[in-house]
Amino acid sequence: MKIIDIIKSGKPSLSFEVFPPKTSDSFDGVKKASEEIATLSPSFMSVTYGAGGGTSEYTLKIAQNLQSKGVTALAHLTCVNSTKEEVEMRLKMLKKSGIENVLALRGDITPENQNREKWDYHYANELVTQIKKEYDFCVGGACYPEGHPECETQSLDIKNLKRKVEAGCDFLTTQMFFDNNILYNFIYKLRENGINVPIIAGIMPVTNGKQIKRTCALSGSVLPQRFKAIVDKYSDNPEAMKQAGIAYATEQIIDLYANGINVVHIYSMNKFDVAKKIRDNISEIIK
Ligand code: FAD
């Protein structure tokens, strides 16, 4: 099924993200975790892609396995470290495997891939154009309610985002955010700039206080004071932190649904117990 059709149904829904293994040793563990999460009947599941392409084979295998279990899969695909031929080959394999949805990403610039002259792709909009020209995938793109960390101003980032949407994105999924008002303001600005595709809200249940400080520093996401107090209080108590993080994410999700954001994507990081608790907390709401 295409994700755009899930969105168009207009019902509140929940989807989950998993990341593939880096090596074959952990493949079975990740496959099992993704299958467990699949039993929660998500509207779809996304499978991330290693920035350097190292896990491309596993992204495909996990996504394909989810589809075989009856769950719509969204395969992430980055381009910055790949040639056009490599991307073409991956797209063909996705199509052959029956995957209908692709999240088209540039990928992060790392110390290993800074040689711009060698790049076939500079920005995700080039990948979106390539996919839409030759394939019938439903294509998503990433967006950043607090601005992409590399971009000087949010208005410039939105202009760049518009180029990506005009290249053919059917929907956008947000970077994590911890204050819903940031998302509501962002959506207002998108609409003002003529970006009218559906927005999927990405929610990260924080279950590790120390990790979140590092993640926020990298992604540029701001932790609101209310949430900082929770992290300060519970980060040394893993079980309490997990409970508080799930409660905070649940509150965010209910507020999003109440304000008309129907599709919420959980950065569940292969954690079945976290995904299940969130799903159970809103079971009547998404029934
Ligand atoms: P782009 O849309 O290309 O934007 C990158 C930067 O360039 C922005 O600052 C933008 O303003 C600017 N820009 C864009 N287009 C132009 C243009 N034409 N001219 C000038 N400037 C431009 N990374 C992974 O490695 N694997 C994953 O699976 C993965 N999944 C993700 C899922 C989501 C929902 C999100 C939000 C991010 C994900 N990422 C993933 C991280 C992502 O790869 C990085 O954030 C990366 O730095 C930017 O990718 P992008 O596709 O948003 O890039």
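Preceding block: the structure.
**What to know about the side chain of H148**
Okay, so step 1: Among the secondary structure elements, H148 is positioned in the loop between β5 (138–143) and α6 (154–166).
Okay, so step 2: Classification of H148 by relative accessible area gives buried; the value is 15%.

**Some remarks on the pattern of salt bridges**
Okay, so step 1: Counted under the stated rule, the structure contains 14 salt bridges.
Okay, so step 2: Among the salt bridges present, the one from E35 reaches K31, with a minimum N-O distance of 3.7 Å. Of the two residues, E35 and K31 both sit in helix α2 (residues 27–38), 4 residues apart, roughly one turn of that helix.
Okay, so step 3: Residue classification places E35 among the partly exposed residues on the basis of a relative accessible area of 23%.
Okay, so step 4: Here E150 ties to R106 by a salt bridge, and the two come within 2.6 Å at their closest N and O atoms. Linking E150 in the loop between β5 and α6 with R106 in the loop between β4 (101–105) and α5 (124–134), this pair joins segments that are 44 residues apart in sequence.
Okay, so step 5: Residue class for E150 comes out partly exposed when judged on its relative accessible area of 48%.
Okay, so step 6: Classification of R106 by relative accessible area gives buried; the value is 11%.

**Focus: the site of the ligand**
Okay, so step 1: Close to the ligand lie 26 residues, the nearest being Y49, D108, Y144, D157 and R163.
Okay, so step 2: In this structure, H76 approaches the ligand through a side-chain N or O atom, which is 2.8 Å from an oxygen atom.
Okay, so step 3: Within the side chain of H148, one N or O atom sits 2.9 Å away from an oxygen atom of the ligand.
Okay, so step 4: Across the complex, the protein chains shield 87% of the 970 Å² of accessible surface that the ligand would expose by itself.
Okay, so step 5: Of all the elements, α6 adds the most residues to the shell around the ligand, at 4 residues.
Okay, so step 6: Counted by class, the shell around the ligand contains 10 nonpolar, 10 polar and 6 charged residues.

**Quick notes on the side chain of S235**
Okay, so step 1: Secondary-structure assignment places S235 in the loop between α9 (225–234) and α10 (238–258).
Okay, so step 2: Overall, the relative accessible area of 17% leaves S235 in the buried class.
Okay, so step 3: Residues contacting S235, with those up to four places away along its chain left out, are G209, K210, I230 and M241.

Cut-offs used in this document
Residues numbered from 1 in each chain as written. Predicted model: local features only at pLDDT ≥ 70, side-chain atom pairs only at ≥ 80, totals over all residues. Heavy atoms only, no water. Helix = DSSP H or I, 4+ residues; strand = E, 2+ residues; numbered from the N terminus. Buried < 20%, exposed > 50% of the residue type's maximum accessible area, 1.4 Å probe, protein only. Salt bridge = Lys/Arg side-chain N within 4 Å of Asp/Glu carboxyl O. Near = heavy atom within 4 Å. Polar contact = N/O pair within 3.5 Å; in protein donor to acceptor, adjacent residues only side chain to side chain. Areas by Shrake-Rupley, 256 points an atom, 1.4 Å probe, with all protein chains shown as cover. Nonpolar A, V, L, I, M, F, W, Y, C, P; charged D, E, K, R; others polar. Contact = heavy atoms within 4.5 Å.

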